Amino acid sequence: MEMTAAEAILRVIKEQGTDVVFGYPGATTAPIYDRLPQSGLRHILTRNEQGAAHAAVAYGIASDKVGVCIVTSGPGVTNLLTGIANAYMDSVPLVAITGQVACSQVGTDSFQEVDTTGVTTPVTKHNYLIKNKEELLPVLREAFIIAKSGRPGPVVVDVPLDIQKELVEFTPDAGEMRRNILPTQKIDKRSLNRLLRALGRAKKPLIIAGGGIMKSGASEELTRFAQALGIPVASTMMGLTALSGTHPLCLGMVGRHGTDAANQAYYEADTVLFIGSRISDRTVPDWDELSGRATIIHIDIDPAEINKNIPADISLIGDCKEILSVLLARIGEVHCPEDWAKKCADKSKKKAFSKRSTHSVTPAFFLELLSEKTSDDTLITTEVGQHQIWVAKHYTFQKPNTLLTSGGFGTMGFGLPAAIGAKLARPAQTVIALEGDGSFQMAMPELATMKQAGTEIKIVLFTNRSLGMVREYQTLMYQSNYVGVDLGVYPRFDKIAEAYDIPYRAIRCDSEVSAGIDAMLSCPGSFLLELVIDESETTVSQEE
Amino acid sequence: MAKHILNALVENRAGILAKMASLFARRGFNIDSLAVGVTQNPEVSATTIVVDGDAQTVEQVEKQLSKLIDVIKVKTLAPETTVSRELSLIKVSCTAEKRAEIMQIVDIFRAKIIDICDHAVIIEMTGTGQKIDAFEEIMHTFGILEMSRTGMIAMTRSKAE
């Protein structure tokens, strides 16, 4: 069937299973937008291209499809860049279609021109500049395959304006590839045997679960594996929902901002098994210290992650689910010491908060109550900063992929557009966007997107009138020399809520928390719940 | 630190060289030289990369390169089974009275004089990096006016069948 390339682009997006595209129109995507109404795709206009990428990423995770965004050339692309980099660092599939100036103008510094493939190369899994209409269809289909296969990531397809207007022959997807670009790694038998022997020898083994568990859908296998061997499980930020938070073996997040239980187990462990983690500096603050002390076992789908940050004594390359299944079949060969897991678990299960505040809201108390009052399927998104760490430590996640957060790149402004994307994918689920007052002011324009898309988001705003995480850092590292962290001129968030026609309520002390949460959850539609937090609240452990 | 030679077969597509260069820069890899040329298959280019670094660095260079979608295959070459060559063009100051002496040295090194004028010659020299270094050092005594060197290209020796 003959059609314009613009129409073919939309056809391929639809054919790949996505129903929603996020974007912002411009001159170089005009032919695509012209055909959007007939495409069967729903277009969500975000208020900044960055928001389009974040929303698409969250939509992809929540729907198990590949998120798609469409933006125009030049500033559209550079605005998008942060969103792409965020997806790259957290290994999330994303296909971004970017308009480009006409082929004849490429390289002439024409209006809204930027070297899209050049600026996106360091933060994409792959990118393309379409130079003739013949390559359009195979490239688009390949882009989807690359984005979701192996270690997922963002792929950019840059399409010049003149090519969008050309006629192409649309043929159905025959699943062809120019050559096999999919990973073909087989599980190494010898390493598998060594891994089982090492676990058998371990007196204090610890699993650290990363985001790879969610990407391969291996939560169940991980739970069975840990249970069968009685190995406690700590997680990275991206791996937080790998194991149910109420499981006796779950120790919570490890690392710089981790829980006491997880970090104590970490510093005592003689064998650490990383599964689906790239062992970032936030998870393991001192690579040399760890490798000098414990046997390192590393399971990951990306061969380049093995020995990148820390030398692995034993490594297995492949899909987490597949490897855990093979391990489960041979679990009888290993016996792990029981008392170790018990010792780790005892520390993690006590409720944190007896202390109550009368002049502000205690974040941990609020989050513990919120997790009690919400269902297991509730989707949580966060921004970046103190509130993100509080969520990681004090909200109990029950099911995999119920947390959408910016782990690797730490992108403020992620949470609100992510909530919109997630809600569009799962309209029946409650979606709660947990926001800091710094991050929220980066994401605030997307309130309009939220309203326009008809997405009902519960927004919880932690306000302490400062950039708390940086402030905390200045307390610890710069003798409390607070510079540039005071949010100073401060909007009335009740007025902001009113401006967007969103019900609003403020909670000013712990005794109001329960009723406040109830009001938010029972209110149909979106809601803005502001929590007044004392600026002296920190993310450092207060569990003692 | 040791030098390591890597061979990468890549798709002959626009932008692949930029992607490789971007990778080296971003990951802080020290690259001594990078030579690219098309192979017998016009759709495939062969690149030879000389990396300066320890074993862990070379492992990372190989793995990170392999992750690039347009890279087909990467191999670290073992020095004992590898033949490698560089090409250089050297313009040396050369008056009539020095000509015989320079020609003699050129002969010894099996280099070639490819251009000549009243005050200079251009010498073409092929060989290993070391051989070119040695030749360059001698030519300094006459005065090197200009010099241009390609990166190394390399290949594994075939075994007898």
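All residue numbers refer to positions counted from 1 along the written sequence of the respective chain. Here every chain gets a letter starting at A, and every ligand a number starting at 1, in the order they are written. Local features in this predicted model are restricted to residues of pLDDT 70 or higher, and side-chain atom pairs are both shown and tallied only at a pLDDT of 80 or more, whereas totals for entire chains, interfaces and linings draw on every residue. For side-chain calculations, the full set of non-hydrogen atoms in the structure is used, while hydrogens and water are omitted.

Let's shift gears to the side chain of K458 of chain A. All names here are of chain A. Secondary structure follows DSSP: runs of H or I at least 4 residues long count as helices, runs of E at least 2 residues long count as strands, and numbering of each begins at the N terminus. Tracing the backbone through its elements, the reader meets K458 in strand β18 (residues 458-463). Exposure is judged per residue with a 1.4 Å probe applied to protein chains only, and the accessible area is read against the type maximum: over 50% gives exposed, under 20% gives buried, and values in between give partly exposed. Asp and Glu count as negative and Lys and Arg as positive, but His and the ends of the chain are not part of the count. The salt bridge criterion pairs a side-chain nitrogen of Lys or Arg with a carboxyl oxygen of Asp or Glu, the two atoms within 4 Å. One buried charge, K458, has no salt-bridge partner; the nearest side chain with opposite charge is E456, at 6.0 Å. By the criterion applied in these results, polar contacts are pairs of N or O atoms within 3.5 Å in which, for protein atoms, one can donate a hydrogen and the other can accept it, and in which residues neighboring in sequence qualify only through two side-chain atoms. A polar contact is formed between the side chain of K458 and the backbone oxygen of M520, at a distance of 3.3 Å. Excluding residues that lie within four positions of it along the chain, K458 makes contacts with T430, V431, I432, A433, M520, L521, C523, P524, G525 and F527. Contact between two residues is taken to exist if any of their heavy atoms lie within 4.5 Å; hydrogens are not considered.

For the rest of this paragraph, the subject is the domain arrangement of chain B. Many analyses report the size of an interface as the accessible area lost when the parts associate. For the purposes of this description, domain bounds are those given by an automatic or database domain assignment. Segmentation of chain B into domains returns domain 1 (3-77) and domain 2 (85-151). Relative to domain 2 of chain B, the C-alpha centre of domain 1 of chain B lies at a distance of 30 Å.

Position of I132 of chain B relative to the elements: it lies in helix α4 (residues 129-140). It is 26 Å that separates the C-alpha atoms of I132 of chain B and A55 of chain B, two residues lying 77 residues apart in sequence.

Here the focus is the interface of chain B and chain A. On the side of chain A, 19 residues touch chain B, which itself brings 17 residues to the contact. Buried area between chain B and chain A, summed over both chains or domains, comes out near 1,500 Å², and the portion from carbon and sulfur atoms is 45%. Contact with chain A buries surface across chain B, with K19, K67 and I69 of chain B losing the most and accounting together for 36% of the total. In this structure, the connection of chain B to chain A is made through one salt bridge. With a closest N to O distance of 2.6 Å, K67 of chain B and D302 of chain A form a salt bridge. Counting across the interface, chain B meets chain A through nine residue pairs in polar contact (both at pLDDT 80 or more). Of all the secondary structure elements, the ones that give two or more residues to the side of chain B that touches chain A are α1 (16-27), α2 (55-67) and β4 (71-77) of chain B. Of the residues forming the side of chain B that touches chain A, the biggest block, six residues, is contributed by α2 of chain B. As used here, buried area is the combined drop in accessible area, with a 1.4 Å probe, of two parts when they are placed together.

Time to look at the sheet that holds strand β12 (residues 271-275) of chain A. Residue and element names in this part refer to chain A. DSSP calls a pair of strands paired once it identifies at least 2 bridges connecting them. Spatially, six strands are ordered β11-β10-β9-β12-β13-β14 in an open sheet, and the strand pairing comes out parallel. Of all the strands in the sheet, just β11 (250-253) and β14 (314-317) have a single pairing partner and so form its edges. With direction set aside, neighbouring strand axes in the sheet form an average angle of 15 degrees. Sheet topology places strand β9 (residues 205-209) next to strand β10 (residues 233-235); three bridges connect them, and they run parallel. For I207, the partnering residue across the bridge sits in β10 and is V233. Each axis is a line fitted through C-alpha atoms, taken for helices only over the stretch in contact, and angles between the N-to-C directions span 0 to 180 degrees. Each of β9, β10 and β11 touches helix α11 (residues 260-268); the most contacted strand, β11, lies at about 100 degrees to it.

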